[in-house]
Amino acid sequence: MPHYLGVMSGTSLDGLDIALIEQNGSTTLLATHYLPMPADLRAELLGLCAPGPDELARAAMAEQRWVRLAAQGIATLLQQQSLSPAQIRAIGSHGQTVRHEPTQGFTIQIGNPALLAELTGISVISDFRRRDMAAGGQGAPLVPAFHEALFNNPPRRRAVLNVGGFSNLSLLQPGQPVHGFDCGPGNVLLDAWIQRQRGEDYDRDGAWAASGQVQSRLLRTLMIDPFFHNQGPKSTGRELFNLEWLDRKLIDLPDYAPADVQATLLELTATSIVASLQQAQRDTEELLVCGGGAHNQALMTRLGELLPGCRVSSTQAYGVPADWVEAMAFAWLAHCCLEGIAANRPSVTGARGPRVLGAIYPA
């Protein structure tokens, strides 16, 4: 049976997720491996998300380090599973997004797939977003097509919510094509604020947010941003939602307690998700959550409160570990590329039509 590897490094930049799947009509997760992102590499990748000096050389050096880390993780996973490179049909590598500007017609993921193929001895499929953008699409989100393949034919109105650095929704209805879009910030502002205020990488279980009080005036100010009122197709990234964006919103407001800001940022994440869902697919009966946000108990509780008629649960309830859905998706996208299967969804990205995504770097 064909085996594929998916390598995913998301906007949270906490580490690399590597998933091994078997693709035989359906997708089966066989094994996983996680590598924490070295602090200095994380800082450099974050720095590349904004304009700065000597960007081309810095990006070239950073992506070499990223690739060597990925190759190390792949070698470890193959050794653990007693597999050789020859037993893997391809690696689907997302690379690391450093810029995503669909309104300007470009997106940039660094990850040197040629070097990854050379280091691993496995063919690499990469550069999944730009073909969709060339066809007039947003190039994101890409995971709704995989959500459709994994969770399709629902007996009722279902949505799949991925909460990483940013949040995106996939809408699944019986007999209808999948729809989807980015909702706004997921963990990106929550992580940035707690890092600034407390020196912690993330708010475990949303405990710090739960200790504060939501400030309604601040929430209204944040929700005024035009992105939240765009009907889509739409996607976003650190180019819009970052600490500088938050600081500008805070300038003319009272000096809120840091925990209250964190509570309000969590409410922003939850409110923007629910508003998007209710506008696009009213009366959703089931919301499956994946990504790091599925572990934020305060967020999961709040989503349940805001969606009283909807069952909110992790994708784990359907046998798919919440942490590994995206890495699995890029392994699946590699399969689609090699099989000539269109893997974008014009109903999601706004592209002019279905397109085969990805560029092939043979071993």
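Going by what an unreviewed UniProt entry lists, the chain is known as Anhydro-N-acetylmuramic acid kinase and is assigned to Pseudomonas zhanjiangensis. The UniProt entry for the chain carries the following comment under Catalytic activity (unreviewed entry): "1,6-anhydro-N-acetyl-beta-muramate + ATP + H2O = N-acetyl-D-muramate 6-phosphate + ADP + H(+)". Taken directly from UniProt, the Sequence similarities (unreviewed entry) text for the chain runs: "Belongs to the anhydro-N-acetylmuramic acid kinase family."

Let's shift gears to the overall build of the chain. Along the chain, the regular secondary structure elements total 13 helices and 13 strands. Relative to the 2.2 N^0.38 estimate, which gives 21 Å for 363 residues, the radius of gyration of the chain is 20 Å and therefore close to what a compact globule would have. Buried positions account for 56% of the 363 residues belonging to the chain. Long-range contacts, defined as pairs at least 24 residues apart, comprise 68% of the intrachain contacts of the chain with a sequence gap of at least 6. For the chain, the accessible area works out to roughly 15000 Å², and carbon and sulfur atoms hold 49% of it. Charge centroids of the chain, computed over 27 positive and 34 negative side chains, lie 5 Å from each other.

The amide bond that connects Ala140 to the next residue, Pro141, takes the cis arrangement and shows omega of -10°. Tracing the chain through its elements places Pro141 in the loop between helix H4 (130–134) and helix H5 (143–151). The backbone phi angle of Asp205 is positive, close to 60°, even though this residue is not glycine. Relative to the helices and strands, Asp205 is located in the loop between helix H6 (188–198) and helix H7 (207–211).

Let's shift gears to the side chain of Asn344. For Asn344, the position within the fold is in the loop between helix H12 (325–339) and helix H13 (346–349). Side-chain polar atoms of Asn344 contact the backbone oxygen of Gly353, separated by 3.1 Å. Of the polar contacts made by the side chain of Asn344, one reaches the backbone nitrogen of Arg355; its length is 2.6 Å. Those residues in contact with Asn344, other than ones at most four positions away along the chain, are Asp132, Ala351, Gly353, Pro354, Arg355 and Leu357.

Turning our attention to the pairing of strand S10 (residues 179–185). With respect to burial, S10 is a largely interior element, 6 of its 7 residues being buried. Two strands pair when backbone bridges link them, and strand S9 (residues 166–172) and S10 are joined in this way by 6 bridges, in the antiparallel orientation. Residue Asn168 lies in a different strand from S10, and its bridge partner there is Asp182. Hairpin connection between S9 and S10: a loop of 6 residues separates the two successive antiparallel strands, and Gly175 in this loop has a positive phi of roughly 75°.

The N-to-C vectors of H6 and helix H9 (residues 243–250) enclose an angle of 80°; their axes lie 10 Å apart at closest approach. It follows from the interaxial angle that H6 and H9 lie roughly perpendicular. Note on element contacts: H9 touches H6 through Leu243, Trp245, Leu246, Asp247 and Leu250, opposite Leu189, Ala192, Trp193 and Arg196. By residue class, the composition of the contact of H6 with H9 is 7 nonpolar, no polar and 2 charged.

Across the 5 residues that make up strand S11 (residues 286–290), a large majority, 5, are buried. The alternating pattern of S11 places Glu286, Leu288 and Cys290 on one face and Leu287 and Val289 on the opposite face, and all of these are buried. Pairing analysis gives 5 bridges linking strand S8 (residues 158–163) to S11, with the strands arranged parallel. Paired with Ala159 across the bridge in S11 is Leu287. As defined by bridge partners, S11 adjoins strand S12 (residues 311–314) across 4 bridges and the pair is classed as parallel.

Moving on to empty space enclosed by the protein. Taken as a whole and assessed by the stated rule, the structure comprises 1 cavity of 30 Å³ or more. As a volume, the largest cavity reaches approximately 30 Å³. Forming the boundary of the largest cavity are Pro141, Leu142, Pro144, Ala145, Ala343, Asn344, Arg345, Val348 and Thr349. Among the secondary structure elements, those contributing two or more residues to the lining of the largest cavity are H5 and H13. Class assignment of the residues belonging to the lining of the largest cavity gives a composition of 6 nonpolar, 2 polar and 1 charged.

What counts and how
Residues numbered from 1 in each chain as written. Predicted model: local features only at pLDDT ≥ 70, side-chain atom pairs only at ≥ 80, totals over all residues. Heavy atoms only, no water. UniProt positions renumbered as here; feature names shortened; annotations may be inferred. Helix = DSSP H or I, 4+ residues; strand = E, 2+ residues; numbered from the N terminus. Rg over C-alpha atoms; globule rule 2.2 N^0.38 Å. Buried < 20%, exposed > 50% of the residue type's maximum accessible area, 1.4 Å probe, protein only. Contact = heavy atoms within 4.5 Å. Areas by Shrake-Rupley, 256 points an atom, 1.4 Å probe, with all protein chains shown as cover. Lys, Arg positive; Asp, Glu negative; His and termini not counted. Charge placed at Lys NZ, Arg CZ, Asp CG, Glu CD. Polar contact = N/O pair within 3.5 Å; in protein donor to acceptor, adjacent residues only side chain to side chain. Pairing = 2+ DSSP bridges. Axes fitted to C-alpha atoms, helices over the stretch in contact; angles between N-to-C directions. Parallel < 35°, antiparallel > 145°, perpendicular 65-115°, else oblique. Nonpolar A, V, L, I, M, F, W, Y, C, P; charged D, E, K, R; others polar. 1 Å grid on protein atoms, 1.4 Å probe; cavity = no way out; pocket = protein on both sides within 12 Å on 5 of 7 lines; lining within 4 Å. Points joined across faces, edges and corners; volume = space filled by probe spheres on them.

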